[in-house]
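Architecture at a glance
Here is how the chains run, residue by residue.
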Amino acid sequence: QVQLVESGGGLVQPGGSLRLSCVASGSSISSYTMGWHRQAPGNQRELVAAISRGGSIKYADSVADRFTVSRDNAKNMVYLQMNNLKPEDTADYYCNAGTSRLYNYNADYWGQGTQVTVSS
């Protein structure tokens, strides 16, 4: 089992950047596909980005040219660099881990989330 804790959320102006971090404990993330989901008020939770054990990546179309997901297995951490943020990126962001493959990624473990608000 793996425990996940996110950090790095906050308030940012449109066009700004944030870097979310996720630290894992209890198990090495090298065994998992890692992902970031988000959920805005009134919306369903959606996959933002996921990175496989081998480093393959997929993004939601809405963030593909603005967000970058990365992992550091040695530090047991996953990151989400978010650039050119838009008000529609406002949501709670969740780090997660799963044993499924990237193409049909389904998270098994979830963090508590970190809030991102994009507003002027």
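So, here is what we can say about the structure in this document.

Let us look at the overall build of the protein chain. Assigned secondary structure in the protein chain consists of zero helices and eleven strands. Expected size for 120 residues packed as a compact globule is a radius of gyration near 14 Å; at 13 Å, the protein chain falls within 12% of this value. C-alpha atoms of the protein chain, sized along the principal axes, occupy 40 × 25 × 25 Å. The burial tally for the protein chain puts 44% of its 120 residues in the buried class. Considering only contacts within the protein chain whose residues lie at least 6 apart along the sequence, 58% involve residues at least 24 apart.

The next point concerns the nonpolar core. Counting 29 residues, the largest nonpolar core has Met34, Trp36, Leu80, Met82 and Tyr93 as its most contacted members. Sorting the residues of this core by element identifies strand S3 (18–25), strand S4 (33–39), strand S5 (46–51), strand S7 (67–72), strand S8 (77–82), strand S9 (91–98) and strand S11 (114–118) as the ones contributing at least two each.

Another aspect to go through is the pattern of salt bridges. Pairs can form between side chains of opposite charge whenever their charged atoms are close. A full pass over the atoms with the stated rule returns three salt bridges. A salt bridge links Arg38 to Glu46; the shortest N-O distance between them is 2.7 Å. Looking at Arg38, the relative accessible area reads 6%, which means it is buried. For Glu46, a relative accessible area of 34% puts it in the partly exposed group. Asp89 is the partner of Arg66 in a salt bridge, and the nearest nitrogen-oxygen pair spans 2.7 Å. On the criterion of sequence distance, the pair formed by Arg66 in the loop between strand S6 (57–59) and S7 and Asp89 in the loop between S8 and S9 is long-range, its members being 23 residues apart.

For the rest of this paragraph, the subject is unusual backbone geometry. Even without a glycine there, the phi angle at Asn76 is positive, about 60 degrees. Within the fold, Asn76 resides in the loop between S7 and S8. Taking the relative accessible area as the measure of exposure, Asn76 reaches 14% and is therefore buried. Although it is not a glycine, Asn84 sits at a positive phi angle of roughly 50 degrees. Relative to the helices and strands, Asn84 resides in the loop between S8 and S9. Asn84 gets classed as partly exposed once you look at its relative accessible area, which sits at 40%.

Rules used throughout
- Residues numbered from 1 in each chain as written.
- Predicted model: local features only at pLDDT ≥ 70, side-chain atom pairs only at ≥ 80, totals over all residues.
- Heavy atoms only, no water.
- Helix = DSSP H or I, 4+ residues; strand = E, 2+ residues; numbered from the N terminus.
- Rg over C-alpha atoms; globule rule 2.2 N^0.38 Å.
- Buried < 20%, exposed > 50% of the residue type's maximum accessible area, 1.4 Å probe, protein only.
- Contact = heavy atoms within 4.5 Å.
- Core = buried A, V, L, I, M, F, W, Y, C linked by side-chain atoms within 4.5 Å.
- Salt bridge = Lys/Arg side-chain N within 4 Å of Asp/Glu carboxyl O.

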